[in-house]
Amino acid sequence: MDFSAESVPSRDDFPEVPFVTSLRQQTGLERSGFDADFPILLDQDVRYAIGNRGRSFGKSIKWELYWDSANSKMLGAVFFSVNNEGPPGCVHGGAIATCLDSFLGWLVVRTQGFGFVTLNLNTTYRKFVPLGSVMKLEAYVTKVDGKKISCEGRMVDGQDGTVHAEATAVFYQPKANANGMAFDKAVQLFGAHSGVTKDLFLEQINKSRRRDKPERPESGQKANL
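Residues numbered from 1 in each chain as written. Predicted model: local features only at pLDDT ≥ 70, side-chain atom pairs only at ≥ 80, totals over all residues. Heavy atoms only, no water.

So, the side chain of aspartate 68
So the rule is basically this: By the criteria applied, helices consist of DSSP H or I runs no shorter than four residues and strands consist of E runs no shorter than two, each listed in order from the N terminus. Summary of the burial criterion: residues with accessible area below 20% of their type's maximum are buried, those above 50% are exposed, and those between are partly exposed, where the area comes from a 1.4 Å probe applied to protein chains only. By the counting rule applied here, Lys and Arg register as positive and Asp and Glu as negative, while His and the ends of each chain are not counted. Any carboxyl oxygen of Asp or Glu within 4 Å of a side-chain nitrogen of Lys or Arg constitutes a salt bridge here. Residues adjacent in sequence count toward polar contacts only when both atoms are side-chain atoms; beyond that, a polar contact is any pair of N or O atoms within 3.5 Å, and within protein one must be able to donate a hydrogen and the other to accept it. Residue contacts are counted whenever heavy atoms from the two residues lie within 4.5 Å of one another.
Looking at the element boundaries, aspartate 68 is found in strand β2 (residues 61-68). Buried and without a salt bridge, aspartate 68 has lysine 73 as its closest oppositely charged side chain, separated by 5.5 Å. A distance of 2.8 Å separates the side chain of aspartate 68 from the side chain of asparagine 71, its partner in a polar contact. Sequence-distant contacts of aspartate 68, that is, excluding residues within four places in its chain, are made with Gly28, Leu29 and Lys73.

Brief notes about the environment of alanine 178
Within the element layout of this structure, alanine 178 appears in the loop between β7 (163-172) and α5 (183-190). Note on alanine 178: relative accessible area 42%, which makes it partly exposed.

Regarding the packing of aromatic side chains
Heads up, the rule is: The rule is short: rings of Phe, Tyr and Trp, with Trp giving its six-membered ring, pair when the centres are within 6.5 Å, and they are stacked under 30 degrees, edge-to-face over 60, tilted in between.
Overall, the coordinates contain six aromatic pairs when judged by the stated rule. Plain terms: the ring middles of phenylalanine 34 and tryptophan 106 are 5.0 Å apart, the flat faces sit at 80° to each other, and that makes the pair edge-to-face. Residue phenylalanine 34 is found in helix α2 (residues 34-37), and its partner tryptophan 106 is found in helix α4 (residues 93-112); the two are separated by 72 residues along the sequence. A relative accessible area of 6% places tryptophan 106 in the buried class.

With respect to the nonpolar core
For soluble globular proteins, the rule of thumb is that nonpolar side chains tend to be buried together. This is how it is decided: Buried residues of nine kinds, namely Ala, Val, Leu, Ile, Met, Phe, Trp, Tyr and Cys, make up a nonpolar core once their side-chain atoms join them within 4.5 Å.
In this structure, Met74, Val78, Phe80, Ile96, Leu104, Met155 and Phe171 are the most contacted members of the largest nonpolar core, which totals 40 residues. Of the residues forming this core, the biggest block, ten residues, is contributed by α4. One finds Phe19, Leu29, Leu75 and Val134 within the second-largest nonpolar core, a separate group that totals eleven residues.

Put into structure tokens, the structure is as follows:
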């Protein structure tokens, strides 16, 4: 197979394969991810306002995520462009780990809410992932221990089920994020169908920052540090 840049689909050309079509049509699955749940957070001005300065991280990885509420599982499909090449004609292991980390992170968001960070990620590579192929993603929670959430995920060939990579991870909610918002509440406040506009969102962010900013002491008065 020729893995030249011309032969591998672009980011916006997600290959149509049977298992992706099945995911899109399967009853009981809910499309998820920032593009489906919180498109406003993809706006560059909004991302800058909440402290994210990156412009391109992960953008060359194209995926579709689906929440299986009946089984409390995340499912998905991922396609890697030539920008993710490691060994000739194959996907870089770092791109695979990034994908699985983010995918497991969305599982935690759907089951536990926002505010969790990756504490540990172990990735096992079983087979090379060819550039231009579409892999199937699966993930589920294995243990909830207070603020620690353990989960497992894997990347498999969507056609024959061959396992290409597996990952186990532990996510943790630090004290600074103890008030992390539940997924349903976040959707209600600024989700795709909440009606919130970019200007209103930025206004609320600015108000929150002014409220949290310590007052400047008057002349001759000591600040409480």
